[in-house]
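Listed below are the residues making up each chain.
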Amino acid sequence: SRALAADVVRECKSEDRIAELYRRILSRPPSAAETVVLQRELNRALALYRAQPDEAKRLLHGIARSPDTPTNLAELAAHTVVASLVFNLDEALTHE
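Let me sum up the structure you'll find in this document. For every chain, the first residue of the written sequence is number 1, and numbering continues from 1 onward in sequence order. pLDDT decides what is reported in this predicted model: residues at 70 or higher carry local features, side-chain atom pairs at 80 or more are listed and counted, and totals for whole chains, interfaces and linings draw on all residues regardless. Think of the side-chain values as coming from all heavy atoms in the structure, minus any hydrogens and water.

### A look at the overall build of the chain
The helix count covers DSSP runs of H or I at least four residues long, the strand count covers runs of E at least two residues long, and both are numbered beginning at the N terminus. From N to C terminus, the chain includes six helices and zero strands. Moving toward the C terminus, one meets the helices and strands of the chain in the order α-α-α-α-α-α. Only protein chains enter the accessibility calculation, which uses a 1.4 Å probe. A residue is then buried if its area is under 20% of the maximum for its type, exposed if over 50%, and partly exposed in between. Residues counted as buried form 38% of the 96 residues belonging to the chain. Only heavy atoms enter the contact rule, under which two residues are in contact if any of them lie within 4.5 Å. For the chain, the proportion of contacts with a sequence separation of at least 24, taken over those separated by at least 6, is 60%. Counting every atom, the chain has about 5800 Å² of accessible surface; 53% of that belongs to carbon and sulfur. In these tables, accessible area is a Shrake-Rupley quantity obtained with a 1.4 Å probe, and a residue counts as shielded only by the protein chains included in the view.

Structure follows, in structure tokens:
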């Protein structure tokens, strides 16, 4: 989740990131309803990690940092949470 979030934060405009995470994990775009839920969770996570930057550092502890790793840890941590949510959907777990 962290590596994917780092790629998406680095490569995509903020308004395109949720759709890109979804596309990379599920090979399809999110529905409008799915986007609303994920945007809400992203906003919650961003608020938390901006208010408590040590929590973002703790979540991202141990990540291999390269020169192109995003430096905004709150954004990276929040997108990591969203990527984890998508990875844990039944659709992602049971590819048939």
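### Some words on the side chain of glutamate 75
By the element assignment, glutamate 75 lies in helix α5 (residues 73-87). Owing to a relative accessible area of 19%, glutamate 75 belongs among the buried residues under this scheme. Excluding residues that lie within four positions of it along the chain, glutamate 75 makes contacts with Val9, Arg17, Leu46 and Arg50.

### Examining the environment of glutamate 91
Within the fold, glutamate 91 resides in helix α6 (residues 90-93). Taking C-alpha positions, glutamate 91 is 7.3 Å from leucine 26, a pair spaced 65 residues apart along the chain.

### Re the packing of helix α1 (residues 2-11) against helix α2 (residues 17-26)
Orientation is described by axes fitted as lines to C-alpha atoms, over the contacting stretch for helices, and by angles from 0 to 180 degrees between their N-to-C directions. Orientation of α1 relative to α2, taken along the N-to-C sense of each, is 135°, at an axis distance of 10 Å. Between α1 and α2, the interaxial angle falls into the category oblique. Note that α1 runs across α2; the crossing there is right-handed. Judged by residue contacts, Leu4, Asp7, Val8, Val9 and Glu11 of α1 engage Arg17, Glu20, Leu21, Arg24 and Ile25 from α2. Any residue outside Ala, Val, Leu, Ile, Met, Phe, Trp, Tyr, Cys, Pro, Asp, Glu, Lys and Arg is labelled polar, Gly included; the first ten of those are nonpolar and the last four are charged. By residue class, the composition of the contact of α1 with α2 is five nonpolar, no polar and five charged. Throughout this description, any angle smaller than 35 degrees is read as roughly parallel, any larger than 145 degrees as roughly antiparallel, any in the 65 to 115 degree range as roughly perpendicular, and the remainder as oblique. Here a crossing is called left-handed whenever its near helix is offset anticlockwise from the far helix by less than a right angle, and right-handed whenever the offset is clockwise.

### A word on α2
In terms of burial, α2 is largely enclosed, as seven of its ten residues are buried. Buried residues of α2: Arg17, Ile18, Glu20, Leu21, Tyr22, Ile25 and Leu26, and no others. Of the surrounding elements, those touching the buried residues of α2 are α1, α3 (32-51), α5 and α6. Looking one or two residues beyond α2, the residue adopting positive phi is serine 27, at roughly 60°.

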